[in-house]
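In case you want the letters, here they are:
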Amino acid sequence: MPELPEVETVARGLRETILGRTIARVEHSQAPPASIEISASLRPHSFDHLLSGRKIEDITRRGKNLFVRLSGGLTLWVHLKMTGHFFWVPSTEPVDKHDLVRFDFKPSGKSSRNGYQLRFNDYRRFGRLRLFPDDELYTHPALAGLGPEPFDITSEEFVDLCRRRPRMIKPALLDQTFLAGLGNIYADESLYFARIHPRRSTDAPSKAKLTELHGHIRRLLRKAIKLMGTSVDSYVGVNGQAGSFQKYLRAYNNEGNPCVRCGSKIVREKIGSRSAHYCPRCQKLR
Ligand SMILES: [Zn+2]
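Residues numbered from 1 in each chain as written. Predicted model: local features only at pLDDT ≥ 70, side-chain atom pairs only at ≥ 80, totals over all residues.

1. Observations regarding the nonpolar core
- Membership of the largest hydrophobic core comes to 69 residues, with the highest contact counts inside it found for Leu14, Val68 and Tyr186.
- Counting residues per element, this core draws most heavily on helix H7 (residues 184-194), which supplies seven residues.
- Looking at which domains feed residues into this core, each of domain 1 (4-144) and domain 2 (155-278) supplies at least three.
- If sequence neighbours within four positions are ignored, Val68 has contacts with Leu14, Ile56, Ile59, Thr75, Leu76 and Val78. (Core = buried A, V, L, I, M, F, W, Y, C linked by C-beta atoms within 7 Å. Buried ≥ 20, exposed ≤ 12 C-beta atoms within 10 Å, placed from the backbone. Helix = DSSP H or I, 4+ residues; strand = E, 2+ residues; numbered from the N terminus. Domains from an automatic or database assignment. Contact = placed C-beta atoms within 7 Å.)

2. Things to note about the packing of helix H1 (residues 4-17) against helix H8 (residues 207-226)
- Two elements in contact, H1 and H8, have axes whose closest approach is 8 Å; the angle formed by their N-to-C orientations is 35°. At the point where H1 passes H8, the crossing takes the right-handed sense. Of the residues in H8, those in contact with Leu4, Pro5, Glu8 and Thr9 of H1 are Leu221, Ala224 and Ile225.
- Its residues assigned to classes, the contact of H1 with H8 shows five nonpolar, one polar and one charged. (Axes fitted to C-alpha atoms, helices over the stretch in contact; angles between N-to-C directions. Left-handed = near helix turned anticlockwise from the far one by under 90°. Nonpolar A, V, L, I, M, F, W, Y, C, P; charged D, E, K, R; others polar.)

3. Considering the sheet that holds strand E6 (residues 84-90)
- Spatial ordering of the open sheet is given by E1-E7-E8-E6, a layout of four strands whose pairing is antiparallel. In this open sheet, the two edge strands, each paired with only one partner strand, are strand E1 (23-28) and E6. Here the strands of the sheet are splayed against their neighbours by 20° on average, with no regard to which way each runs.
- Both E1 and strand E7 (residues 99-105) contribute to a ladder of five bridges, which runs antiparallel. Bridged to Ile23 within E7 is Phe105. (Pairing = 2+ DSSP bridges.)

Written out as structure tokens, the structure is:
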């Protein structure tokens with residue numbers, strides 16, 4: 001599933017392609033796919049009717065959520081979930097059966113972007129495109145409850161967060177109400193670099209250790225953004241290009257491989273409801 005660095009890469013890809021453009025029309029595969037949700041206050045208008053003629057004013061990210069702010073006070077709130085992708089392709093390219101929504105834009109002066117279409121492709125179909133009035137957006141329970149962005153808090157605040165309500169650290173890092181943006185990849189990698197066992201309680205490591213963990217979280221996310229994300233499954237950017245952070249993974253996806261620090265085999269174990277990857281020698285459950 002795309003995590004903070006992948007979603008940030010998609011946001012950047014969208015800024016390069018559709019920011020400032022005006023939507024000419026929207027087409028979808030069926031009538032309409034389950035991926036599309038429209039706020040009750042905007043019904044009975046159709047997705048196409050609501051979007052056509054609106055200008056893309058801003059593109060932002062919060063946790064793993066993308067926001068495409070449109071003229072006239074509406075926002076397209078996107079969650080890519082497992083396999084949601086945006087692709088910027090020539091309009092003449094054959095439509096894939098998993099291209100669920102296609103956005104056409106009015107021609108603009110920058111001719112290199114004309115003749116292209118934005119497509120939302122999602123073969124698992126868990127991704128969501130939700131259309132909301134701006135003033136309803138942040139009161140939505142899924143957004144109002146989001147935890148802080150890892151880059152927006154100080155180490156002291158991160159330590160407080162961990163100690164306020166002690167719980168197992170790996171599930172805590174995955175919980176979007178605790179910290180927004182991490183998923184299995186960057187949670188496993190951060191715990192590996194900080195040498196913290198995924199089953200430890202959030203209040204067990206010393207203040208120095210938790211500060212170190214926050215540092216690794218920020219460092220790894222920053223590096224992954226620079227490398228345009230981790231492509232271990234289907235993830236690619238808006239231009240179809242894969243990320244390259246997977247070359248630097250030390251724990252995630254490394255089950256059975258030797259730990260680069262001590263040579264012990266990395267193990268994979270179900271913790272909470274998810275697989276955790278860690279080194280049993282470097283990350284002791286003391
Ligand atoms: Zn090790």
